[in-house]
Amino acid sequence: MADDTATEPTQPEAEGTGIPTTPKEEVAPVTSETAPAAPVAEASTPDAAEAAEATEPVATPEEVPEVETAAVPEPTAVEETEEDKESRPSVGDRPAITAPRDIGDVADDLSAEDFAAVIERTVFEFKEGDIVGGTVVRVDPDEVLVDIGYKAEGVIPSHELSIRNNVNPDEVVKEGEPIEALVLQMEDDQGRLVLSKKRAQYERAWGRIENVMNAGGTVSGPVIEVVKGGLIVDIGLRGFLPASLVDLRRVRDLAPFIGETIEAKVIELDKNRNNVVLSRRAHLEEAQAEQRQAFLSDLEPGDVRDGVVSSVVNFGAFVDLGGMDGLVHVSELSWQHVSHPSEIVTVGDKVQVRVLEVDRDRERISLSIRQTREDPWEEFIRDTDLGAILDGEVTKTVPFGAFIAVGEGVEGLVHVSEIALHHVESPELELSIGQQVRVKVTEIDADRRRVSLSIKQALPEWEERSTFSQRRQPSRPRRREFQREDEATEVPTFAADASLEAILEELKERGIGRK
């Protein structure tokens, strides 16, 4: 008891200075034979006095610093605050934990600090949720064994190898290749360390995809599966691509996309629900927007381009120019009247168009097909003389006459009085739509783009009648009904007192009366 009393006053001084005091030395006789080891006890804790009362094997001085030194990292992990957890990198951003392979040369005589450092280099600590690195040592049909430098090999079940369903382990990993895996269980019911390759891949991919989405970039990967409503794309995790976002236009058959590597934008990301939604259409539209601007900058009104009819609508037709679609209005399809665009063009037709207008702000192009061809009206004026006889086709009848097509895009009017030699009450009684007729050009108005025609004047009967009328014209001029007095001709007079014989003789001489 005296020894215990002697050590109690000296303990505060030892805690404050860390230097052995005189009373401390008095404890040495209590440990008797262990006194030569007293200098090592200087590095011990303040509980050294209580340790002195224990038996010699328990109070070995060398064991005390080793235990304290090896336990130093543990308080740091336990006392980690929530702020520290939020500020530290996510699992997917941290490098894989690997077991130390070489601790270097170790001297025979080590100080306490050097010995603790050597122990620290050999410590391999990890926990569930960490990503560890190792080497594949065996590949079985249902699992893969991985050496991570732990006391036992880790096991990756076949369903934890890949995000693809029903995959063959031999297609995913090979024996001897390095691998990263996430720790699922430190010890299962069979005492095995359970790992997951696909979870590690998921964690790695998630941070990368999140950064890509924030930067507005794209991800790429092969299509691995067709599901209801879309496709599954391997981008390090299972990305869902809805069918409506696969292409610029709706795709009905998604099967041909299996195995194809596609590029898409990330439009939705929810890690809690493990949900990643992609859009290939958004990527294509963005790429096309750049191409459209470049295409529009090189396009000028008046340019003549080749294109393909991509669609036909009621008000015209859209033509693909190789970079953008332009609209040909129904009035610009042909020089002649068009009731519906399908009368002139069909989808897939190769056509030549002239650029009428380019709206770069609204990204719209107005085109014309008819202006790539010569104006039929100009051709008609150039090649047709007044009085020419032409073949035509009745296109329309109206109360005052009928319209006759005498060429592509050129129609003339036959007045009702010029339809037949006889009187015509209604053109419909004499002509029908599509009827072939011969007409004579009676008038051409170039400024108003109008042609007057005549059917009756193109008839042979009209020519004969005109010739007969010319033959019946009198050789001497007709007497005008009204003449001036000084122009009046002399009227023969007879003498009142002339005898009857004289009158008859005179009439005979003039050729009047009987001979």
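Here goes a summary of the coordinates provided. (Residues numbered from 1 in each chain as written. Predicted model: local features only at pLDDT ≥ 70, side-chain atom pairs only at ≥ 80, totals over all residues. Heavy atoms only, no water.)

1. A few points about the overall build of the chain
Counting its secondary structure elements, the chain contains 14 helices and 20 strands. Per-residue burial for the chain yields a buried fraction of 29% across its 515 residues. Of the accessible surface of the chain, which amounts to about 33600 Å², a share of 48% is contributed by carbon and sulfur atoms. (Helix = DSSP H or I, 4+ residues; strand = E, 2+ residues; numbered from the N terminus. Buried < 20%, exposed > 50% of the residue type's maximum accessible area, 1.4 Å probe, protein only. Areas by Shrake-Rupley, 256 points an atom, 1.4 Å probe, with all protein chains shown as cover.)

2. With respect to unusual backbone geometry
Unusually for a residue other than glycine, asparagine 274 sits at a positive phi of about 55 degrees. Locating asparagine 274 in the fold gives a position in the loop between strand 9 (261-270) and strand 10 (275-279). We classify asparagine 274 as partly exposed; its relative accessible area is 47%. Notably, arginine 449 is not glycine yet its phi reads approximately 55 degrees, a positive angle. When you line up the elements, arginine 449 lands in the loop between strand 19 (436-445) and strand 20 (450-454).

3. Brief notes about the side chain of serine 368
Mapped onto the elements of the fold, serine 368 is located in strand 15 (residues 364-368). Reaching out from serine 368, the side chain makes a polar contact with the side chain of glutamate 332 at a distance of 2.6 Å. With residues up to four places along the chain from it excluded, the contact list for serine 368 reads Val328, Glu332, Gln352, Val353, Arg354 and Leu356. (Polar contact = N/O pair within 3.5 Å; in protein donor to acceptor, adjacent residues only side chain to side chain. Contact = heavy atoms within 4.5 Å.)

4. Quick word on the sheet that holds strand 1 (residues 131-139)
Pairing between the strands of a sheet is mediated by backbone hydrogen bonds and can be parallel or antiparallel. Taken in spatial order, the 5 strands close into a barrel running 1-2-3-5-4, and their pairing is mixed. Here the average twist between neighbouring strands, direction ignored, is 55 degrees. As judged from the 4 bridges shared by strand 2 (residues 143-147) and strand 3 (residues 154-157), these two strands associate in the antiparallel manner. When the bridges of strand 3 are listed, valine 144 appears paired with isoleucine 156. Each of strand 1, strand 3, strand 4 (178-185) and strand 5 (193-196) is contacted by helix 10 (residues 197-215), which is oriented at about 100 degrees to strand 4, the strand it contacts most. (Pairing = 2+ DSSP bridges. Axes fitted to C-alpha atoms, helices over the stretch in contact; angles between N-to-C directions.)

5. Notes on the nonpolar core
Formed by 23 residues in total, the largest nonpolar core has its most connected members in Ile235, Leu237, Leu241 and Leu278. Looking at which element gives the most residues to this core, the answer is helix 10, with 5 residues. When sequence neighbours within four positions are dropped, the list of residues in contact with leucine 237 reads Ile163, Tyr202, Ala205, Trp206, Ile209 and Val276. (Core = buried A, V, L, I, M, F, W, Y, C linked by side-chain atoms within 4.5 Å.)

6. Things to note about helix 12 (residues 376-383)
Among the residues making up helix 12, those that are buried are Pro376, Trp377 and Phe380. One side of helix 12 carries all its buried residues, which in axial view fall inside an arc of 100 degrees. Next to the buried residues of helix 12 lie strand 16 (389-398), strand 17 (401-407), strand 18 (410-415), strand 19 and strand 20. (Arc of directions from axis to C-beta.)

7. Focus on the pairing of strand 11 (residues 304-313)
Working note: regular strand, side chains alternate between the two faces of the sheet. With 5 bridges connecting them, strand 11 and strand 14 (residues 350-359) associate as antiparallel partners. For valine 304, the partnering residue across the bridge sits in strand 14 and is arginine 354. As judged from the 5 bridges shared by strand 11 and strand 12 (residues 316-320), these two strands associate in the antiparallel manner. What sits directly across from valine 308, in strand 12, is aspartate 320.

Geometric descriptors of this kind do not, in isolation, establish any biological role.
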